[in-house]
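Coordinate inspection notes
Given next are the chains, with one letter for each unit.
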Amino acid sequence: MPKQKIVVAYSGGLDTSVMVKWLSEKYDADIITVTGDLGQKAELEGLREKAMQTGAAKFYQVDLREEFITEYVWKALKAGALYEGTYPMATAIGRPLLAKLVADIALAEGADMVAHGCTGKGNDQVRFEVGIQTLAPHMKIIAPLRTWEFKSREEEMEYAFEHKIPVKAKKDSPYSIDENLWGIAIECGILEDPTMSPPEDAYQITTNPKDAPDESAFVSITFEKGIPVKLNGVSMTGTELVSELNNTGAAHGIGRLDNIENRVVGIKSREVYEAPAATILHKAHTELEKLILDKDTFRAKQDISNKVANLIYDGLWFSPLFKSLMAFVDATQENITGEVILELYKGNLIIQSRESAYSLYSKELATYTIEDSFDHSASEGFLKIYGLPYKTMSIIAGRKEVLV
Ligand code: ARG
């Protein structure tokens, strides 16, 4: 019988390194590791050698950065998707693309199963497995971390040592970190105590706003149909634009978040994030929508933003509902073209200017000067009717009863 093939979603960290060896022994299988480059920088160095030394039969590393930005991040940005109002969801947006990569390779390789290194209490297992179930419905999925014998990192380290698995002897970080171009999630260590503010070493890229330069920076972002196409007047790829904004934003202390968050499995967790580019782009994009969208569309979109955020967070990127809601979002973005200028100053993001050929702002209507063209007398009739239900209610019930 030919050996079984297992495709492993591989990061090269302790869990997935131990997993490669453990799976090859337990199933006597050929292990094919798959890594997607979403801009996680240092983690990718020397990964091929590491995978092969750990016992992988085959190694894939695919640069998904531009696809990640244009096909995933831009959709979330257009949708205004911020989970529970603040988290731009770098991890949650990256997982479906990694699931797609793993599913595609597993199908092409004729693999018997796929394996991932998510634990049983996180959101990533949900995003990964629902993604695989949708894209490769007959593929068997295994999650060794949910069932294997190791009860702690120390036990995994011991196994790695015994089996000569190269695990980076990097200085012991108490944090669990997940990084991509759209942001960084930092968990564990002292952060598990929600009464403790994050120590400075928890932050990976951002300057403490207190130590940020006294001179502010200004950035201008040009959007076309809801998508950022220029930074400071220069056209660039999505990857370049996000990377550059991350650098500028991080230097000025932009994009630190400290959240208590409701996980899919019902646990509340404390999450620290750094997402400078995401913070800047969401703010700029919403600002442009405020200028361009009519009142009802803007309000409806706020509800849809929240729904889209929940779907992405809950691992339902490849769902019919997500597709339908995105059709609504795309329709709203038809005129979201224009430029926003922001000032970055010691962790603050200050709007300087917004302009668009599709702006619905009318100075003539808004002004309190002699130029005013608004018909004030029309409001009299409007208010007689607009307030009528409440006036009627009070007349019938008696004013006091209504108020108490
Ligand atoms: N709580 C965040 C989310 O679910 C971040 C998860 C970070 N993942 C990780 N493997 N460290 O999107």
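See above for the structure.
Okay, so let's go over this structure. Worth saying up front: this structure is predicted, and the values here are computed from it rather than measured.

**Focus on the overall build of the protein chain**
The helix and strand tally for the protein chain stands at 15 helices and 14 strands. Counting across all 404 residues of the protein chain, residues that qualify as buried make up 46%. Taking as baseline every contact in the protein chain between residues at least 6 positions apart, the subset at least 24 positions apart corresponds to 73%. Looking at the protein chain as shown, the accessible area adds up to about 20,900 Å², and 54% of this sits on carbon and sulfur atoms.

**Here we look at the site of the ligand**
Around the ligand, a shell composed of 15 residues is seen, among which Tyr-87, Asn-123, Asp-124, Arg-127 and Glu-261 lie nearest. Note that an oxygen atom of the ligand is positioned 2.7 Å from one of the side-chain N or O atoms of Asn-123. Between a nitrogen atom of the ligand and a side-chain N or O atom of Glu-271, the distance comes to 3.2 Å. For the ligand, whose free accessible area comes to 350 Å², the fraction covered by protein is 87%. Of all the secondary-structure elements, those providing two or more residues to the shell around the ligand are helix H4 (90-109), helix H5 (124-135), strand S6 (176-180), strand S7 (183-187) and strand S12 (268-274). Per element, the largest residue contribution to the shell around the ligand is three residues, and it comes from H4. Across the shell around the ligand, the residue classes break down as five nonpolar, three polar and seven charged.

**As for the side chain of Glu-261**
Positionally, Glu-261 belongs in strand S11 (residues 256-262). Within the structure, the side chain of Glu-261 is placed 2.6 Å from the side chain of Tyr-313, a separation counted as a polar contact. Apart from residues lying up to four places away in sequence, Glu-261 is in contact with Tyr-83, Glu-84, Tyr-87, Asn-123, Ile-267, Lys-268, Ser-269, Glu-271, Tyr-273 and Tyr-313.

**Comments concerning the packing of helix H3 (residues 65-79) against helix H9 (residues 276-292)**
The geometry of H3 relative to H9 is characterised by a closest axis approach of 9 Å and an angle of 45° between their N-to-C directions. When the interaxial angle is binned, H3 and H9 end up oblique. The crossing of H3 and H9 is right-handed. Where H3 approaches H9, its residues Trp-74, Ala-76, Leu-77 and Lys-78 are matched on the opposing element by Leu-281, His-282, His-285 and Glu-289. When its residues are assigned to classes, the contact of H3 with H9 shows four nonpolar, two polar and two charged.

**Side note on the side chain of Glu-343**
Structurally, the position occupied by Glu-343 is in strand S13 (residues 338-345). Lys-346 provides the closest opposite charge to the buried, salt-bridge-free Glu-343, at an N-O distance of 11 Å. Engagement of the side chain of Glu-343 in a polar contact is seen with the side chain of Ser-216, the distance being 2.7 Å. Here Gln-352 takes part through its side chain, which lies 3.1 Å from a polar atom of the side chain of Glu-343. Among residues more than four places away in sequence, those in contact with Glu-343 are Ser-216, Ala-217, Phe-218, Asn-348, Leu-349, Ile-350 and Gln-352.

**Details of unusual backbone geometry**
The phi torsion at Lys-164 lies on the positive side, around 55°, for a residue other than glycine. Note on placement: Lys-164 falls in the loop between helix H7 (153-162) and S6. Its identity is not glycine, yet Asn-232 carries a phi of approximately 50°, on the positive side. By secondary structure assignment, the location of Asn-232 is in the loop between strand S9 (227-231) and strand S10 (234-235). The class for Asn-232 is partly exposed, based on a relative accessible area of 40%.

**Quick look at the pairing of S7**
Of all five residues making up S7, four are buried, and the element is well covered by its neighbours. In this antiparallel pair of consecutive strands, S6 and S7, the connection spans two residues. By the bridge criterion, three bridges tie S7 to S12 in an arrangement that is antiparallel. When the sheet's bridge partners are listed, Ile-184 is paired in S12 with Glu-274.

**Thoughts on H4**
For H4, spanning 20 residues, the distance from its first C-alpha to its last is 29 Å, which sits close to the expected 28 Å at 1.5 Å a residue. Among the 20 residues in H4, 16 count as buried, and that is most of the element. Looking at the residues trailing H4, positive phi occurs at Gly-110, about 60°.

**Points about the sheet that holds S10**
Spatially, S10-S9-S8-S13-S14 is the arrangement adopted by the five strands of the open sheet, whose pairing is antiparallel. The open sheet is flanked by S10 and strand S14 (348-355), the only strands paired with a single partner. Bridge analysis of S9 against S10 gives two bridges, and the strand direction is antiparallel. Within S10, the residue paired with Leu-231 across the bridge is Val-234. Running at roughly 65° to S9, helix H8 (residues 238-251) makes contact with strand S8 (217-224), S9 and S13 of the sheet. Packing of H9 onto the sheet brings it into contact with S8, S9, S13 and S14, and relative to S14 it is tilted by some 35°.

**Brief notes about the packing of H4 against H5**
Contact pair H4 / H5: the axes reach a minimum separation of 8 Å and the direction vectors enclose 40°. When the axes of H4 and H5 are compared, the pair comes out oblique. Relative to H5, H4 is oriented so that their crossing is right-handed. Two secondary-structure elements touch here, H4 through Thr-91, Ala-92, Arg-95, Leu-98, Ala-99, Lys-100, Val-102, Ala-103 and Leu-107 and H5 through Asp-124, Arg-127, Phe-128, Gly-131, Ile-132 and Leu-135. Taken together, the residues of the contact of H4 with H5 sort by class into nine nonpolar, two polar and four charged.

Scoring rules and cut-offs
- The numbers attached to residues start from 1 for each chain and follow its sequence in the written order.
- Residues qualify for local features only when their pLDDT is at least 70, as the model is predicted, and side-chain atom pairs are given and counted only at 80 or more; totals for whole chains, interfaces and linings, by contrast, use all residues.
- Only hydrogens and water are set aside when side-chain values are computed; all heavy atoms of the structure are taken into account.
- Each helix is a run of DSSP H or I of at least 4 residues and each strand a run of E of at least 2, with the numbering of both proceeding from the N terminus.
- Here the term buried applies to any residue with accessible area under 20% of the maximum for its type, exposed to any over 50%, and partly exposed to those in between, with areas from a 1.4 Å probe on protein chains only.
- Any two residues whose heavy atoms approach within 4.5 Å at even a single point are treated as in contact.
- All accessible-area figures derive from a Shrake-Rupley calculation using a 1.4 Å probe, and residue coverage is judged against the displayed protein chains alone.
- Put simply, a residue is near a molecule or strand once any heavy atom of it comes within 4 Å of that molecule or strand.
- Two N or O atoms form a polar contact when they lie within 3.5 Å of each other; inside protein one atom must be a possible hydrogen donor and the other a possible acceptor, and for residues adjacent in sequence the pair counts only when both atoms belong to side chains.
- Gly is placed with the polar residues, together with every amino acid not listed as nonpolar (Ala, Val, Leu, Ile, Met, Phe, Trp, Tyr, Cys and Pro) or charged (Asp, Glu, Lys and Arg).
- Inter-axis angles, ranging from 0 to 180 degrees, are taken between N-to-C directions of lines fitted to C-alpha atoms, where helices are fitted over the stretch in contact.
- Here roughly perpendicular refers to angles of 65 to 115 degrees, roughly parallel to angles under 35, roughly antiparallel to angles over 145, and oblique to all remaining angles.
- Left-handed describes a crossing whose near helix is turned anticlockwise from the far helix through less than a right angle; right-handed describes the clockwise counterpart.
- For the purpose of charge, His is not counted, nor are the chain termini; Lys and Arg are scored as positive and Asp and Glu as negative.
- Salt-bridge detection follows one rule: a side-chain nitrogen of Lys or Arg within 4 Å of a carboxyl oxygen of Asp or Glu.
- Strand pairing requires that DSSP identify at least two bridges connecting the strands.
- By definition here, a helix of n residues has an expected span of 1.5 Å times n minus one.

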